[in-house]
Amino acid sequence: MVKVTINGKEVEVESGTTILHAAEKAGFPIPTFCYNPRMDPAGSCRICAVELEDSKRTVMGCITAVSDGMKVLTESAKVHDARKTNLELLLLHHPMDCPVCDCGGECPLQNMSFSYGASDSRFESHRNDEPEDMKSDVLVFNSNRCILCGKCVRICDEIQDVHAIGFINRGFDTIIGPPLGKKLDCEFCGDCLEVCPTGAITDRFVRYQFRPWQMEKTETTCTACGSGCRMLVDTESEAIVRISSKEGLGPNEGSICVVGRFGFNYVQNKERLDKVYFKKAQRLVPGKWPEIMPKIADRLKGIVAGGSGRVAGLLSSRVPLEDAFLFQRFIRQTLRSNFIDSGARRGLMNMALPLAQATGTLRPLVDHKDIEAANVIVVLGGDPAAESNITGLAIKKAVRKNKADLYLVHGHDVSISTRSKEVIRALPGAEADFVRILRKALASGGTLDIAAKDGLVRMGASPEGVERLISDLKAAKRVVFVTGRRFHDSETGLEASEELVRLLVDQGWISSEGCGLFPLTELGNDMGVLMMGGTSEWLPGLLDVSNAENRKVWETHWGTSLEVSGGGIREILSGIESGKIKALITLGENPFEYIPDAGHLRETLSKLELLVVIDHRQSEIADIAHFLLPSATAFERGGHVVSAEGFVQPIVPSMAYWGESLPEAEIILQLSRQMGSSLPFEDFSAITAEIFRIFPDLSPSTRNASHFQGGTGEIVLALTKAQPPHKAHRESVVARVGEWMKSSPSASTDPAAILPIPEEGFVLQLSKSINHSGTFTIHDASLMTIEGEGLLRVPRQWARKRKLKKGSCVRVRSAHGDVSLPIDPVAGLSDREVHFPVHFADERIQALFGKGFSWNSRSGVPSSQSITVTLEPVL
Amino acid sequence: MANTEHGVSIEINEEEIDQICEEFGNREGAVVQILQTIQEKYGYVPAEVLERVGEDLGIPHSKMFGVLTFYSQFYQEPRGKFILKVCVGTACHVRGAGLLVDKIKENLHIEAGENTEDMLFTLEPVACLGSCALAPMAMVNGNTYGKLSADKMVELINQFQEEGSGSDEEPVPAS
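For clarity, every value in this text was computed on a predicted model and none was experimentally measured.

Of regular secondary structure, chain A possesses 28 helices and 35 strands. The C-alpha radius of gyration computed for chain A amounts to 28 Å, which stays within 12% of the reference 29 Å derived for 875 residues, consistent with globular compactness. By principal-axis analysis of the C-alpha atoms, chain A measures approximately 85 × 70 × 65 Å. Here chain A, with 875 residues, has 54% of them falling under the buried criterion. A separation threshold of at least 6 residues defines the contact pool for chain A, and within that pool the share at least 24 residues apart is 73%.

As structure tokens, then:
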């Protein structure tokens, strides 16, 4: 610790602290342009000049470390002069076009000039008058306004690790942009736009459409994926203009991905559902809430009167805790059924089942900070950057800053491949076998026996790569496993997850701080919906429904008896098929997205006496509904969601309900009242209160805002209120896990589950794109500008040989059908695989997969689809 | 891989690029030397080569482009076989360097920095070349030609033109 005096006030700080931080601690914030707490200081803008009292020298606050006894003046006349002169130099070329600049009004350069009175420059120079770079559809680069602080380049390098832009030329001619004068081609996170302290980078989607001071900012949580990003929704007259962020905000610390930042237009899309519809003569016609609700209630009452288990509910895992809690209680109590399921089954159930049984919680043992500090990170079957973008950033940071060894075990290359020490290819379906081999080798001192090597070769993995992984794992102190969509959705996903938990227990990684397992959650509230009892196997609180004592807890609380028999989507579909289930209520969930053979599914669903679809948009299931009820989106309603890190964060409405739409919970409450049911909730806030009362550990929490100063010079206050821990309680997990190990022996899986590599042709798989989330984003104009059609990703080497370019068409033929698709040749695919973005997988694509469909026999999770196809160029 | 962007076709051999990088141990710090070596070979640094070098050295493409554009010694476009570097520094200026430049422009129909259509010449006025005693002077592909006049310049150009269409041998520098 060293003592420094800032403006006469003495403070004690760690040695090595910069003057900027010390002054902040003493209560004297220093202005900055190029400084950003998450990045290495650059000291390029010179605005943080401070005076050293003894030597009378001015030094830069952001790059100068304090020394013992240092006396610093942050507001002396000399400092003032220095800053003013530096401002004049920054304004040398800067055009005074603030009236037509989107940044005007929230521009740090403008504000600083105002503070220091440097509205113009004494130095004579020509104003730059270069045309703006309008090549990108997303961002506009205006080099005239640029002060070359380099924040955009650094955030792209240091935080995003994308390196899309750089400094070009030298001296006065220096500009910032993508290489070779080409169109910007990147992940479009927009972080550069966010950190730019001038109007040099502006958002093309909303160019000239707003003035910052006329907008209202609402801080909310993004529900697109499980990262749980906190973001600001900027609205004008209740219409969303843009989404922005603030340095240090939330678990994402100010970064947002392309979907979060640009994917909001679907909520104000004219095609969105704004009315209640009901089926009349085979057509959906508009109706009114007061007329429709009693009709639905009557029909439900009639069906329930016939006995229990006759109604099923499907629920999206993007809905908040409150809606999930209410919906499952409505299904279980009012409709007397345990046929309930949610999208979280697909995304997480195979992992959630063993986690809940073994550790008693779904909360992860590690969070992003642990990932950043890990020595070895093993990503199993996933694409973190696309599935849960901010987790991807944590992984990249671990590699870049802390030199972590990253291993990717996956069927094909993804964007983090280039950062990984080794990509171990393991074919889809081989996950469980892979983990079993790894576990056995680690347990036996780290050697692969012949059978293990054979197994690895059969699944397409390199034994040498696995040997390197093993030796790194043995040497590492902090080990984190990250599992993704492909791992969770694989046919052997449950067995693979169980084996992985056992491996962690074996190696003591369950009990050592900093080690653990981090499942990526692809949707905004996967974990929360499971915690609230959104699937058939669990009552709220992850209580196993088959256990009578567990049921007793809720039966007493709700004053009702609970059904045991029931099931998830597999049982629901067979129940409908057999005629036992007469009614289905879907809440934002559309099984057509993941059950192939739409014709057969449509036929099954047509057997329903009543199909109530609650959604905010038209879809395949909405088209066949008897009643189609419009729901409000996360931008219009409140609630809480649980992130992959375990943070429970609020979503806050920023606009009025669209048309006649209502929040899902409101619709369910109305319906239950119409049915004369006794759900004791006055309104939405009563549900929130009940959840937080019953589950005190679910009280809101977010990442501690330890970053005190934002990119705009605004102070971001540290949270003062104590928060409940977001991670799993390690001691409780350790105390419990041994019992599970004993009761759950390793089950063997059929290695035949591995789809054999075809000698000719390709394995077609559906995978997630970074630019889209589910299917709602294909209704979003901005995201469709960025990625507007489904391109079949084919191996670059294959396309080159046939002189095919991006956009060329090929005919894709499977045993079940054929379709013509445009291609995108990409590097990193093996010779025998092609991918299609799942978001664009409409009926034509689904038809390729035929009727064949597999469920994990124990967890009932529909496995992700893959099939052998042939490709033929279309001339 | 063929580069036809500028009307000339240059075959770029990726293995050759890899080899050059290898010679410098694929070191990030040798990037300028590597680019120099490549420029010597091709006369400029083609875009595809830049990307390949970046991949070999583990430097992002955006950073490679930053290096390329930072130094004025690197060229992104093909240049003529003969680079006419005409000194327009003070000494040469007072002794009529402007006339030399004008003559070249008139004769070859190019502006400063441009190539002739046959890719034989590139006109490049430069500041002082440090041989003021020879003013006005010019430098062509590393050889110095002093005490020039507009007429001598025309002669020189004609000479190069013959050379260019014929053998690769360069004219003997004037002493």
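All right, on to the overall build of chain B then. Check the secondary structure of chain B and you find 7 helices and 6 strands. Going from the N terminus to the C terminus, chain B shows its helices and strands as β-β-α-α-α-α-β-α-α-β-β-β-α. Within chain B, the proportion of its 175 residues that are buried is 29%. Partitioning the intrachain contacts of chain B with sequence separation of at least 6 by distance along the chain shows that 62% fall at a separation of at least 24.

Residue and element names in this part refer to chain B. For chain B, per-residue confidence averages 87 on the pLDDT scale, and residues scoring 70 or more make up 89% of the total. The least confident element of chain B is strand β1 (residues 2–3), whose mean pLDDT is 44; the most confident is helix α4 (residues 61–70), at 96. Across residues 1–7, confidence stays below pLDDT 50; counting only partners more than four residues off in sequence or on other chains, it has 13 contacts. Among the scores for the predicted complex, ipTM is 0.86 and pTM is 0.91.

The interface is formed by 11 residues belonging to chain A together with 9 residues belonging to chain B. The residue makeup of the side of chain A that touches chain B, split by class, is 7 nonpolar, 3 polar and 1 charged.

Quick look at the environment of L573(A) now. Residues and elements named next belong to chain A. One can find L573 in helix α20 (residues 569–578). On the basis of neighbour counts, which here come to 23 C-beta atoms within 10 Å, the residue L573 falls in the buried class. Placed 31 residues apart in sequence, L573 and T604 show a C-alpha to C-alpha distance of 7.3 Å.

Time to look at helix α7 (residues 289–305) of chain A. All names here are of chain A. Over its 17 residues, α7 extends 24 Å from the first C-alpha to the last, a length consistent with the 24 Å expected when each residue adds 1.5 Å. In the core, the buried residues of α7 are packed alongside β15 (311–315), β25 (583–587), β26 (610–615), β27 (627–630) and α23 (664–674). Looking one or two places after α7, you find G307, whose phi comes out positive at around 140 degrees.

In this section: the sheet that holds strand β12 (residues 239–244) of chain A. Paired through their backbone hydrogen bonds, the strands of a sheet run either parallel or antiparallel. Residue and element names in this part refer to chain A. Spatially, the 3 strands line up as an open sheet ordered β10-β11-β12, and their pairing is antiparallel. The strands lining the two open edges of the sheet, one partner per strand, are β10 (216–221) and β12. With strand direction ignored, the average angle separating the axes of adjacent strands in the sheet is 35 degrees. In this sheet, strand β11 (residues 230–236) lies alongside β10 in antiparallel orientation, the contact comprising 6 bridges. Bridge assignment links T218 to a residue of β11, and that residue is V233.

Bringing unusual backbone geometry into the picture now. Here the residue pair A135(B) and P136(B) is connected by a cis peptide bond, since its omega of -10 degrees sits within 30 degrees of zero. Located in the positive-phi region is A281(A), a residue other than glycine, with phi close to 50 degrees. Looking at the element boundaries, A281(A) is found in the loop between β13 (276–280) and β14 (283–287). On the basis of neighbour counts, which here come to 5 C-beta atoms within 10 Å, the residue A281(A) falls in the exposed class. Phi at M119(B) is positive, roughly 60 degrees, even though this residue is not glycine. When the 17 C-beta atoms within 10 Å are taken as the criterion, M119(B) is described as partly exposed.

With that settled, the discussion passes to the domain arrangement of chain B. In many analyses, interface size is given as the accessible surface area lost on bringing the parts together. Each assigned domain of chain B is listed here: domain 1 (2–70) and domain 2 (82–165). Here the C-alpha centroids of domain 1 of chain B and domain 2 of chain B sit 29 Å apart.

All right, on to the packing of helix α9 (residues 344–359) of chain A against helix α25 (residues 730–743) of chain A then. All names here are of chain A. Contact pair α9 / α25: the axes reach a minimum separation of 7 Å and the direction vectors enclose 110 degrees. The orientation of α9 relative to α25 falls into the category roughly perpendicular. Together, Q357, A358 and T359 of α9 and V733, R736, V737 and W740 of α25 make up the contact between the two elements. Here the residues of the contact of α9 with α25 are counted per class, giving 4 nonpolar, 2 polar and 1 charged.

Our next topic: the confidence of the model for chain A. Summarising the model, chain A shows a mean pLDDT of 91, and 96% of its residues fall at 70 or more. Here residues 705–720 of chain A is a poorly scored stretch, pLDDT under 50, and it has 38 contacts once near neighbours within four places are set aside; other chains count.

What follows is about the pairing of β12(A). Sheet topology places β11(A) next to β12(A); 5 bridges connect them, and they run antiparallel. Looking at the pairing, L232(A) lines up with S244(A) of β12(A).

Residue and element names in this part refer to chain A. Turning to helix α24 (residues 684–694), its buried residues number three or more, namely I687, T688 and I691. Across the axial projection of α24, the buried residues extend over an arc of 100 degrees, all falling on one side. The outward face of α24, more than 90 degrees from its buried face, is lined by the exposed residues S685 and R693. Tucked into the core, α24 has its buried residues touching α8 (321–334), β28 (639–642) and α23.

All names here are of chain A. The 8 strands lie next to each other as β14-β13-β27-β26-β25-β15-β16-β24, forming an open sheet whose pairing is mixed. At either end of the open sheet lies a strand with only one pairing partner, and these are β14 and β24 (566–567). The pairing of β13 with β27 spans 2 bridges and is classified as antiparallel. Counterpart to F278 in the pairing with β27 is F627.

What counts, and where the lines are drawn
- Throughout, a residue's number is its position along its own chain's written sequence, starting from 1.
- Think of it this way: whatever chain is written first is A, whatever ligand is written first is 1, and the rest follow in order.
- Where totals are concerned, whole chains, interfaces and linings use all residues; where local detail is concerned, this predicted model gives features only for residues with pLDDT of at least 70, and gives and counts side-chain atom pairs only at 80 or more.
- A helix here means a DSSP run of H or I that spans at least four residues, while a strand means a run of E at least two residues long, and both kinds are numbered starting from the N terminus.
- Just to be clear, the radius of gyration here is over C-alpha atoms, and the globule rule we use is 2.2 Å times residues to the power 0.38.
- Using C-beta atoms placed from the backbone, we call a residue buried if 20 or more other C-beta atoms fall within 10 Å of its own, exposed if 12 or fewer do, and partly exposed for counts in between.
- The contact criterion used is a C-beta to C-beta distance within 7 Å, with each C-beta placed from the backbone.
- Per residue, pLDDT captures the predictor's confidence, and it can take any value from 0 to 100.
- Each residue is assigned to one of three groups, with Ala, Val, Leu, Ile, Met, Phe, Trp, Tyr, Cys and Pro labelled nonpolar, Asp, Glu, Lys and Arg labelled charged, and all others, Gly among them, labelled polar.
- To estimate the expected span of a helix, subtract one from its residue number and multiply by 1.5 Å.
- In this description, strands pair whenever DSSP reports at least two bridges between them.
- For helices, the axis comes from a line fit to the C-alpha atoms of the stretch in contact; other axes are also lines fit to C-alpha atoms, and the angle between any two N-to-C directions lies between 0 and 180 degrees.
- Each domain's extent is set by a domain assignment, obtained either automatically or from a database.
- Angle categories: roughly parallel below 35 degrees, roughly antiparallel above 145, roughly perpendicular from 65 to 115, and oblique for all the rest.
- The arc refers to the directions leading from the helix axis to the C-beta atoms.

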